[in-house]
Amino acid sequence: MASDDIKPHSGGTEPDYRFTLANERTFLAWLRTALGLLAGGVAVHQLVPAPAAASAVLAGLCVALAAVLAATAYPRWRRVQIAMRAGEPLPRSWMTLALTGGLLALIVAAAVLLVVS
């Protein structure tokens, strides 16, 4: 059976429930991280007074990174679930690299904001 015929909840071989639950926990962790970044973006926008342009950039970066994580969490969960059912290697993910790069950009923007204010 080709992995194209396998769905996240049917087809292939039923994976050990522990792996399915671990995959779900990872999905939820990505969503929690996105929510934390969104809350951070709102907080920066509301609480950091000056300079307005720098705080807007920092808030925008937080919100943009949150959106990327939220938008890619479910497709990643689905790909991993299908790979487990098909008995294939787990797919590679660029999400870790994107999160690392995004957080680095946030740290640099926050440092610039601290120096400027």
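The rules behind each value
Residues numbered from 1 in each chain as written. Predicted model: local features only at pLDDT ≥ 70, side-chain atom pairs only at ≥ 80, totals over all residues. Heavy atoms only, no water. Helix = DSSP H or I, 4+ residues; strand = E, 2+ residues; numbered from the N terminus. Expected span 1.5 Å × (residues − 1). Buried < 20%, exposed > 50% of the residue type's maximum accessible area, 1.4 Å probe, protein only. Arc of directions from axis to C-beta. Contact = heavy atoms within 4.5 Å. pLDDT = per-residue confidence, 0-100. UniProt positions renumbered as here; feature names shortened; annotations may be inferred. Phe/Tyr/Trp six-rings, centres within 6.5 Å; stacked < 30°, edge-to-face > 60°. Polar contact = N/O pair within 3.5 Å; in protein donor to acceptor, adjacent residues only side chain to side chain. Core = buried A, V, L, I, M, F, W, Y, C linked by side-chain atoms within 4.5 Å. Axes fitted to C-alpha atoms, helices over the stretch in contact; angles between N-to-C directions. Parallel < 35°, antiparallel > 145°, perpendicular 65-115°, else oblique. Salt bridge = Lys/Arg side-chain N within 4 Å of Asp/Glu carboxyl O.

The chain appears in an unreviewed UniProt entry as DUF202 domain-containing protein from Amycolatopsis mediterranei.

Chemist: What am I meant to see in helix α3 (residues 95–116) here?
Modeler: Because an α-helix packs 3.6 residues into every turn, residues spaced three or four apart end up facing the same way. Here α3 contains 22 residues, and its C-alpha end-to-end distance of 31 Å stays within 8% of the 32 Å for a straight helix at 1.5 Å per residue. Those residues of α3 that sit buried are M95, L99, G102, L106, A109 and L113. The buried residues of α3 occupy an angular sector of 95° when the element is viewed end-on, so they sit on one face. What points out from α3, more than 90 degrees from its buried face, is the exposed set L97, L104, I107, L114 and V115. Residues of α3 that are buried sit in contact with α1 (17–47) and α2 (52–86).

Chemist: What exactly am I supposed to notice about the confidence of the model for the chain here?
Modeler: Any region with low pLDDT has predicted coordinates that should not be read closely. A residue-level look at the chain finds 97% of positions with pLDDT of 70 or above and a mean pLDDT of 90. Between the elements of the chain, mean pLDDT differs from a low of 89, seen in α3, to a high of 95, seen in α1.

Chemist: What exactly am I supposed to notice about the UniProt feature "transmembrane region" (unreviewed entry) in the chain here?
Modeler: Those residues carrying the UniProt feature "transmembrane region" (unreviewed entry) are residues 27–48, 54–74 and 94–116 in this numbering. Helix makes up 95% of residues 27–48 and strand 0%, whereas the separation of the span's terminal C-alpha atoms amounts to 31 Å. Annotation note: span residues 54–74, helix share 100%, strand share 0%, distance between end C-alpha atoms 32 Å.

Chemist: Explain the packing of aromatic side chains to me, please; I cannot follow it from the model alone.
Modeler: Enumeration according to the criterion identifies two aromatic pairs in this entry. On the basis of an interplanar angle of 80° and a centroid distance of 6.5 Å, the ring pair of F27 and Y74 is categorised as edge-to-face. One end of the pair, F27, is in helix α1; the other, Y74, is in helix α2, and 47 residues separate them in sequence. According to the relative accessible area criterion, Y74 is partly exposed, its value standing at 42%. By the ring-pair criterion, three or more aromatic residues cluster together here, those being F27, Y74 and W77.

Chemist: Just checking my understanding: could you explain the side chain of T72 for this structure?
Modeler: Considering the arrangement of structural elements, one finds T72 in helix α2. Side-chain polar atoms of T72 contact the backbone oxygen of V68, separated by 2.8 Å. Excluding anything up to four places from it in sequence, T72 contacts W94 and M95.

Chemist: I would appreciate a short explanation of the nonpolar core in the present structure.
Modeler: The nonpolar side chains of a soluble globular protein tend to be buried with one another. One finds W30, L37, L58, L65, L69, L99 and L106 to be the most contacted residues of the largest nonpolar core, which totals 18 residues. Secondary-structure elements contributing two or more residues to this core are α1, α2 and α3. In terms of residue count, α2 provides more of this core than any other element does, eight residues in total.

Chemist: Explain the packing of α1 against α2 to me, please; I cannot follow it from the model alone.
Modeler: Working note: a packed helix pair is described by the angle between its axes plus the distance between those axes. Running from amino to carboxyl end, α1 crosses α2 at an angle of 170°, the nearest separation of the two axes being 7 Å. The angle between the axes of α1 and α2 places the two elements in the roughly antiparallel class.

Chemist: What's the story with the pattern of salt bridges in this structure? I'm lost.
Modeler: Working definition: two side chains of opposite charge can pair if their charged atoms are close together. The final tally for this structure, using the stated rule, is two salt bridges. Its salt-bridge partner being E14, residue R85 comes within 2.6 Å of it at the nearest N-O pair. One end of the pair, R85, is in helix α2; the other, E14, is in the segment before α1, with 71 residues separating them in the sequence. Judged by relative accessible area, R85 falls into the buried class, the value being 6%. With a closest N to O distance of 2.5 Å, D16 and R18 form a salt bridge. Overall, the relative accessible area of 52% leaves R18 in the exposed class.

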